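Summary of the model geometry
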Amino acid sequence: MAQKGVQLDQETFSCSICLDLLKDPVTTPCGHSYYMNCIKSHWDGEDRKYIYSCPQCRKTFTPRPVLLKNTMLAVLVEELKKTGLQAAPADHCYAGAEDVACDVCTGRKLKAHKSCLQCLASYCEKHLQPHFESETFKKHKLVEPSKKLQENVCSRHDEVMKMFCRTDQQLICYLCSADEHKGHDTVSAAAEKTERQKKLEGSRQNIQRRIQDREKDVKLLQQQAEAINLSADKAVEDSEKIFTELIRLLEKRSSDVKQQVRSQQKREVSRVKELQEKLEQEITELKRKDAELKKLSHTEDHNQFLHNYPSLPPLSQSTSSTHIRPLSCFEDVTAVVSEVRDKLQGVLREKWTNVSLTGTEVDVLLSQPEPKTRAGFLKYSREITLDPNTANTQLLLSEGNRIATVMRQQQSYSSHPDRFTGYFQVLSRESLTARYYWEVERRGGVYVAVAYKNISRAVGLIECGFGYNDKSWALDCCNNSYTFWSNNVRTRVSGPESSRVGVYLDHSAGILSFYSVSETMTLLHRVQTTFTQPLYAGLRLGWYGDSAELCNLK
């Protein structure tokens, strides 16, 4: 009993400054005791004020008290050291109302460290030791502390339920399997958990895929917002340039068009942001559900897993599809205003015809994914021809400007600022701003490319070559291999060799894909970026005799 008293009062024999057992204990005039060096150091820090205080009760003394060793307290501390007793457990080690208590502890119980599924009891660290030391207990299944161990016991036979009846979808004991569940489809609880764990993991993978899809959609929506802003800004700029050519009568109309574009821009950006917020909310909900499934999947107690599994709500259906529909920008504004500039001067004397912003609605709702079959790609095929004004003078264009061949002799092209003079290159006549698919049949070394109109044409600069700058993207189909080039960065590409290459472009989504086309289509390389200008199909040929054809897919 005395030993217990010493243990309970041990805190009394500790210095409140260093929290260790008192060494050379001294007592201040107010009755509090400290380790001599601790109180001296405390008062040394107060010397400049000539006022000395007790760290516990804050009572002050002047002058500085002369401290003498408390011999009675010193004897008690020495006796305490000799007993070798440990301090009582801290309050946080005892079980509270929400904690699982040790079933072996008497009096005030400690928190359980583990629960045993065989013993159907919970143990603190001290009382858990036999499960680690005794061969009898080492085979027992230990899990995180649980208050629901009795739920593992069959109410009819008072046996631990280690089996699961699939016929009745419930946990049973081995006596139940030979009694009312005889002939039923029964397995061990561990086996049933393993089976359901696989289904749970499948659900998690589905959620994670949907999270990735939604994050991708959010990214695409951000790109849509940027594209809307760029297109709207360009439309406003072009409109202002045209209206400045008209006298004061058109100044008001210029302001009207600008206001319409900005208003439309604001509405469409607002739509993008609204949909983006919905997708982000869905992502948050999916992550929450994934966390719940993860928590359940980590349940070590088979029975608890099976008790909680049926309560999981089914995964809700997605409220939207998974891809962004093509973006229709504001380019039509410039075209309409240009036509008005040419034809409206006489009309303005009579009445004003409103400039309509037809075709500028930005459709940012989620749309169809990239096609999976050649038939699906062919739905987006368009006739593309080569522009003679961009062709290198040693490129012969034939078959309605669909075939380019490198010739040794110069061709009789007129001088033009768009002409490539350094490489055997040519661009298409048509600009590409939506979803397009085309195929190139090659003979020899050919770069299949897309580029902005403002790519450099200067002689001798490597930056003029497709793929060697930030204005073009090119797949090099040479020497029985493929290499992708962009911004002068080379990426090795693997895939089946074919004389025909398919190109899929989704301008608004920033997707550019290259395919090897034969009896089947094989993806060679895909680019995900943001296109800030209209693109043009490009061909770059390697040497004399090489040729490439933009195939007629109609």
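Since this is a predicted model, take the numbers as computed values, not measurements. (Residues numbered from 1 in each chain as written. Predicted model: local features only at pLDDT ≥ 70, side-chain atom pairs only at ≥ 80, totals over all residues. Heavy atoms only, no water.)

We now examine the overall build of the protein. Counting secondary structure elements, the protein contains 11 helices and 25 strands. For the protein, restricting intrachain contacts to residue pairs at least 6 apart in sequence, the fraction spanning at least 24 positions comes to 62%. (Helix = DSSP H or I, 4+ residues; strand = E, 2+ residues; numbered from the N terminus. Contact = heavy atoms within 4.5 Å.)

So, about helix 2 (residues 36–44). For helix 2, the set of buried residues is Met36, Cys38, Ile39 and Trp43. The arc that holds every buried residue of helix 2, seen down its axis, measures 165 degrees, which confines them to one face. Along its buried surface, helix 2 packs onto strand 1 (25–27), strand 2 (33–35), strand 3 (52–53) and strand 4 (60–61). (Buried < 20%, exposed > 50% of the residue type's maximum accessible area, 1.4 Å probe, protein only. Arc of directions from axis to C-beta.)

Attention now goes to the confidence of the model for the protein. Here the protein averages 82 in pLDDT, and 85% of its residues register 70 or above. Contacts for the low-pLDDT stretch residues 1–8, under 50 throughout, to residues beyond four places or in other chains number five contacts. For the stretch residues 348–367, pLDDT sits under 50, and the model shows 65 contacts to residues farther than four places along the chain or on other chains. (pLDDT = per-residue confidence, 0-100.)

We now examine the environment of Phe466. Tracing the chain through its elements places Phe466 in the loop between strand 17 (446–452) and strand 18 (472–478). Owing to a relative accessible area of 0%, Phe466 belongs among the buried residues under this scheme. Residues Phe466 and Ser486, spaced 20 residues apart in sequence, show a C-alpha to C-alpha distance of 8.0 Å.

What follows concerns unusual backbone geometry. A cis amide bond, omega 0 degrees, links Thr62 with the succeeding residue Pro63. The backbone of Leu120 sits at a positive phi, close to 55 degrees, despite the residue not being glycine. For Leu120, the position within the fold is in the loop between strand 5 (114–116) and strand 6 (121–123). Here Leu120 falls in the buried class, since its relative accessible area comes to 19%.

This part covers the packing of aromatic side chains. Where two aromatic rings form a pair, the distance of their centres and the angle of their planes describe that pair. On inspection of all chains with the given rule, the structure shows 14 aromatic pairs. Look at Phe484 and Phe514: their rings are 6.0 Å apart centre to centre, the planes differ by 55 degrees, and that puts the pair in the tilted class. Of this pair, Phe484 sits in strand 19 (residues 481–486) while Phe514 is found in strand 22 (residues 511–517), placing the two residues 30 residues apart along the sequence. Across this residue pair, the class does not change: Phe484 and Phe514 are buried. Put simply, the rings of Phe377, Tyr380, Tyr437, Tyr504 and Tyr515 pair up and form one aromatic cluster. Across the ring face of Tyr436, the terminal group of Arg382 is positioned such that the distance to the ring centre comes to 5.8 Å. A cation over an aromatic ring shows up here: Arg457 above the ring of Phe420, its NZ or CZ 4.7 Å from the ring centre. (Phe/Tyr/Trp six-rings, centres within 6.5 Å; stacked < 30°, edge-to-face > 60°. Lys NZ or Arg CZ within 6 Å of the ring centre and 35° of its normal.)

On to the pairing of strand 15 (residues 424–427). Neither face of strand 15 is exposed, since Phe424 and Val426 on one face and Gln425 and Leu427 on the opposite face are all buried. Sheet analysis places strand 15 next to strand 24 (residues 535–541), joined by four bridges and oriented antiparallel. Residue pairing for strand 24: Phe424 is matched across the bridge by Leu541. (Pairing = 2+ DSSP bridges.)

Looking now at the sheet that holds strand 10 (residues 186–188). One open sheet accounts for three strands, arranged 9-8-10; its pairing is antiparallel. In this open sheet, the two edge strands, each paired with only one partner strand, are strand 9 (170–172) and strand 10. Taken pair by pair, the neighbouring strands of this sheet meet at an average axis angle of 35 degrees, ignoring direction. As paired strands, strand 8 (residues 163–165) and strand 10 are joined by three bridges and run antiparallel to one another. (Axes fitted to C-alpha atoms, helices over the stretch in contact; angles between N-to-C directions.)

Strand order in this open sheet of seven strands is 13-14-25-16-21-22-23, and the pairing throughout is antiparallel. In this open sheet, the two strands that pair with only one neighbour each are strand 13 (395–398) and strand 23 (521–528). Looking at each pair of strands side by side, their axes are set apart by 20 degrees on average, direction ignored. The pairing of strand 14 (residues 403–406) with strand 25 (residues 547–550) spans three bridges and is antiparallel. Across the sheet, residue Ile403 finds its bridge partner in strand 25, namely Glu549.

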